[in-house]
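Next come the chains, spelled out residue by residue.
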Amino acid sequence: MDGSVSQAAVLSFIFVTVLLSPSSSAAFLEPYDLLYNNAVQAFYSNDYNSVVRYMEGALSSYAEVGRTKIRCRLRCQDQHPFDATFSDLRFFDVLLRRSACMNKCIDAKLGTQSMHKVSEDVVQDFHRRIPYNYLQQAYQKLKQPDKAAAAAHTYFQANPEHVEMGQDLEQYKDVEGVQEEHFVDREARPHQRSFTAAVRLYDKGDYEGAIIMFEDALVEYYKADVECRALCQEPQRFDAHDHLLYRYSLHELISDHFTQVLHCEHECVRDLATRPGRLSPMENYLPLHYDYLQFAYFQLDRLEEALQCALTYLLFHEGEEFMTDNVDYYQEVLGHDGMPHEKAAWYLRRHKQELELLLIGSKIMGVEFTEGHYWSSTGGREDSNRIPSGTDGWMEYVPISEKKNVTVAAPQQHREGGPLVYDSVQLVQNSAALNGTQRVLLDDVISEEECSELKHLAHSVTMAGDGYRGKMSPHTPNERFEGATVLKTLQYGYEGRVPLRSARLFYEVSERARRITESYFLLNSTLHFSYTHLVCRTAITGQQDHRNDLSHPIHADNCLLDPEANECWKEPPAYTYRDYSALLYLNGDFEGGEFIFTEMDAKTVTASVKPKCGRMVGFSSGGENPHGVRAVTRGQRCAVALWFTLDPLYRELERLQADEVIQALDSQPHWDQGLSINPKDEL
């Protein structure tokens with residue numbers, strides 16, 4: 001035993017159950033998932049006063065749970081720090097004391113913690129701001145348009161692709177009594193709100209007001225970073241492991257946990273720079289504060305502060321030419337050197353690697369910051385002097401085709417009208433008829449019998465949330481989503497759980513769709529499978545009244561759609577390698593569910609397709625073809641969804657494995673249960 005460990009540290013293991021016992025506090029906070037469920041039930045009962053009462057209560061409870069966890073974790077970390085005399089038992093001692101401290105603190109504020117454990121679906125609803133969708137409709141029914149406008153605006157900030165909500169917001173602008181100040185984001189994060197306000201003041205030339213807001217934004221940013229990391233100190237999900245089969249040693253378990261915690265903390269830098277409803281962070285977000293500030297201070301002849309901010313910017317972008325020139329200028333005028341902000345220097349020392357991965361400014365993305373203003377020391381405009389300089393405004397995303405130092409393959413010439421390969425297939429509409437480019441609508445790709453067999457197969461093999469980490473309703477809470485891959489279907493066939501003939505039909509039909517797509521669009525190279533999915537969307541009974549959402553929001557398949565900027569950013573986490581997409585429908589006996597193409601604004605519908613058996617819509621996967629699915633309000637809509645790539649490096653691995661299984665089956669035409677295929681190897 002380590003002799004440096006105190007007796008108290010050893011005894012802490014023995015008495016840990018005492019330390020972890022629940023508090024006797026009478027404090028109680030009503031769980032937000034219960035309030036949320038009550039609000040939804042009231043909504044479908046048309047009890048809109050109760051909707052408002054319960055939903056506002058749920059939002060308040062949700063926020064309080066988060067605030068309490070942050071306060072308790074930060075307090076307990078301060079009370080039980082890790083010291084320099086580090087050893088195994090000392091580590092566990094501090095860990096257990098922190099845990100006991102946090103449990104006691106949280107119980108005292110919220111009540112029994114087990115009551116506040118909610119499902120992942122509910123958590124995601126709150127992240128996506130779904131409660132505000134219900135609220136805006138309830139306030140509208142109660143004739144409170146100012147509150148309805150605020151709720152609608154809050155929801156739309158995180159769901160900019162929601163066509164109907166965008167239309168509702170336009171209508172609210174014309175409603176009597178609704179003012180511009182009513183369109184507020186109730187969930188706006190303080191650091192982003194202050195930054196946005198500061199940029200607006202800066203652009204208007206109000207440098208004094210901008211400085212106040214930029215400095216406030218920095219204070220809020222560093223505070224938000226600490227809080228984000230505190231929220232990471234909680235039980236983690238192990239996506240790669242089945243918790244029921246998790247049988248590792250204590251040290252391996254702890255190692256896995258803290259690896260997940262570190263990953264969570266690593267994502268805080270990205271999260272703080274990402275606007276609601278966006279997948280990619282704002283470029284150069286934190287350093288940009290100091291760039292704005294150094295020039296704003298210069299404009300007010302506050303050169304000491306300008307020098308400090310310029311030096312701080314160089315901590316993030318060492319050697320940046322335009323800022324180095326600014327520093328030289330400030331030092332020359334002042335006659336002495338300066339020091340960067342200590343807070344920023346400390347932050348960079350602790351989180352250097354995370355920031356380096358995120359700082360996609362001029363060195364990586366080719367964004368030119370030297371497009372700002374250049375002034376002489378007297379304040380007059382002298383372009384020849386070029387000292388100092390400042391950014392000219394909001395730094396937005398840069399389309400990939402404009403980025404420097406990025407190799408972009410020459411685009412293939414858009415062609416279409418090639419052979420349809422199979423005699424039965426009928427051309428219904430081409431790109432011109434569908435009001436776009438690289439689009440096609442075909443009928444009779446498969447027969448009625450094949451549709452029926454595949455739909456029956458779907459009922460046997462599809463699993464709720466397949467392809468979406470088990471989320472039963474990944475796109476809308478009003479529908480259930482189920483899916484299955486080709487490989488999984490063949491596995492079921494091999495095991496005798498479904499007819500092998502049906503499993504092979506799924507495989508063969510997807511190949512038929514691939515050949516048609518490749519031929520019709522006259523591609524010069526082979527089109528490979530990127531992902532193949534047998535999917536069904538089912539309307540949930542009792543949740544279809546008052547729906548104004550989509551079954552699948554407007555999006556593009558290989559880039560991040562930004563309706564506000566009318567751009568589509570071809571960058572991760574989008575599947576940038578996908579080149580063509582196709583949807584082969586199995587039925588039409590449901591209500592709603594039309595496939596729609598839109599403009600890049602995600603609002604203007606350019607074409608609508610009503611699914612039916614054997615109908616297939618194919619299109620290129622880029623920003624030229626934003627698309628979505630209208631709400632399925634009754635019945636079940638099934639289809640084979642396919643994505644293709646021209647890059648063989650991104651071929652679907654499961655498809656290659658499925659190819660091997662089919663080849664093995666074909667090599668033995670009299671296949672029976674004795675066929676020597678090891679499902680663990682092939683499947």
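Residues numbered from 1 in each chain as written. Predicted model: local features only at pLDDT ≥ 70, side-chain atom pairs only at ≥ 80, totals over all residues. Heavy atoms only, no water.

Asker: What exactly am I supposed to notice about the sheet that holds strand S12 (residues 605-609) here?
Answerer: Remark on secondary structure: sheet strands pair via backbone hydrogen bonds, oriented parallel or antiparallel. Across the sheet, which stays open at both edges, the 4 strands sit in the order S6-S14-S11-S12 with antiparallel pairing between neighbours. Each having just a single partner strand, strand S6 (550-555) and S12 make up the two edges of the open sheet. Across the sheet, the mean angle separating the axes of adjacent strands is 25° when strand polarity is ignored. (Pairing = 2+ DSSP bridges. Helix = DSSP H or I, 4+ residues; strand = E, 2+ residues; numbered from the N terminus. Axes fitted to C-alpha atoms, helices over the stretch in contact; angles between N-to-C directions.)

Asker: What should I look at first to understand the nonpolar core in this one?
Answerer: In terms of nonpolar packing, the biggest core is built from 47 residues, with Leu-442, Val-445, Ile-446, Leu-454, Leu-534 and Met-616 touching the most fellow members. Elements with a minimum of two residues in this core: strand S2 (439-443), helix H18 (448-461), helix H19 (486-494), helix H20 (500-520), strand S5 (528-539), strand S9 (580-585), strand S16 (636-645) and helix H21 (653-666). If you tally residues by element for this core, the top one is H20, at 9 residues. Here Ile-446 is in contact with Cys-451, Leu-454, Val-509, Arg-512, Leu-584, Leu-586 and Gly-614, once residues within four sequence places are set aside. Counting 44 residues, the second-largest nonpolar core is a separate cluster that includes Tyr-221, Tyr-292, Ala-296 and Leu-307. (Core = buried A, V, L, I, M, F, W, Y, C linked by side-chain atoms within 4.5 Å. Buried < 20%, exposed > 50% of the residue type's maximum accessible area, 1.4 Å probe, protein only. Contact = heavy atoms within 4.5 Å.)

Asker: How should I be thinking about the environment of Ala-198 in this particular structure?
Answerer: Relative to the assigned elements, Ala-198 resides in helix H10 (residues 190-203). Classification of Ala-198 as buried rests on a relative accessible area of 0%. For the pair Ala-198 and Met-213, spaced 15 residues apart in sequence, the C-alpha separation works out to 4.9 Å. Dropping the residues within four chain positions of it, Ala-198 is found in contact with Ala-210, Met-213 and Phe-214.

Asker: How do you make sense of the state of the cysteines when you look at a structure like this?
Answerer: Disulfide: a covalent bond formed between the sulfur atoms of two cysteine residues. Inspection of every chain in the model, using the stated rule, returns 7 disulfides. Across the disulfide from Cys-76 sits Cys-101; the S-S distance is 2.0 Å. Disulfide Cys-76-Cys-101: the torsion about the S-S bond is -80°, which places it as left-handed. Within this pair, whereas Cys-76 is found in helix H4 (residues 48-79), its partner Cys-101 is found in helix H5 (residues 88-110), the two being separated by 25 residues in sequence. A single burial state applies to Cys-76 and to Cys-101, both of which are buried. Here Cys-536 engages in a disulfide with Cys-638; their sulfurs sit 2.1 Å apart. Disulfide Cys-536-Cys-638: the torsion about the S-S bond is 110°, which places it as right-handed. (Disulfide = S-S within 2.5 Å.)

Asker: What am I meant to see in the sheet that holds strand S3 (residues 463-464) here?
Answerer: Ordered in space as S1-S2-S13-S9-S16-S5-S4-S3, the 8 strands form an open sheet in which the pairing is antiparallel. Every interior strand has two partners, whereas the edge strands, strand S1 (426-429) and S3, have only one. Taken together, the 4 bridges between S2 and strand S13 (residues 616-620) define a ladder with antiparallel strand orientation. Bridge assignment links Leu-441 to a residue of S13, and that residue is Val-617.

Asker: How should I be thinking about the side chain of Glu-220 in this particular structure?
Answerer: With respect to the helices and strands, the residue Glu-220 is situated in helix H11 (residues 207-231). Once residues within four sequence positions are removed from consideration, Glu-220 is found in contact with Pro-190 and His-191.

Asker: Just checking my understanding: could you explain the packing of H18 against H19 for this structure?
Answerer: The axes of two packed helices give the description: the angle between them and the distance between them. The geometry of H18 relative to H19 is characterised by a closest axis approach of 11 Å and an angle of 85° between their N-to-C directions. The angle between H18 and H19 places the two elements in the roughly perpendicular class. Residues Leu-457, Ser-460 and Val-461 of H18 form the contact with H19, whose participating residues are Lys-488, Thr-489 and Tyr-492. Residue composition of the contact of H18 with H19, grouped by class: 3 nonpolar, 2 polar and 1 charged. (Parallel < 35°, antiparallel > 145°, perpendicular 65-115°, else oblique. Nonpolar A, V, L, I, M, F, W, Y, C, P; charged D, E, K, R; others polar.)

Asker: What exactly am I supposed to notice about the side chain of Gln-192 here?
Answerer: The residue Gln-192 is located in helix H10 in this model. On the basis of relative accessibility, which here comes to 9%, the residue Gln-192 falls in the buried class. Once you skip the residues sitting within four places of it in the chain, Gln-192 turns out to touch Asp-271, Leu-272, Ala-273, Thr-274, Arg-275, Pro-276, Met-282 and Tyr-285.

Asker: What am I meant to see in the packing of aromatic side chains here?
Answerer: When we look at a pair of aromatic rings, we describe it by the centre distance and by the angle of the planes. Applying the stated criterion across every chain, the model contains 34 aromatic pairs. On the numbers, 6.4 Å between centres and 75° between planes, the contact of Tyr-36 with Tyr-134 is edge-to-face. Taken together, the residues span a long stretch of sequence, with Tyr-36 in helix H3 (residues 32-44) and Tyr-134 in helix H7 (residues 130-141) at a distance of 98 residues. For the pair Tyr-36 and Tyr-134, one class covers both residues: buried. Look at Tyr-62 and Phe-126: their rings are 4.8 Å apart centre to centre, the planes differ by 35°, and that puts the pair in the tilted class. (Phe/Tyr/Trp six-rings, centres within 6.5 Å; stacked < 30°, edge-to-face > 60°.)

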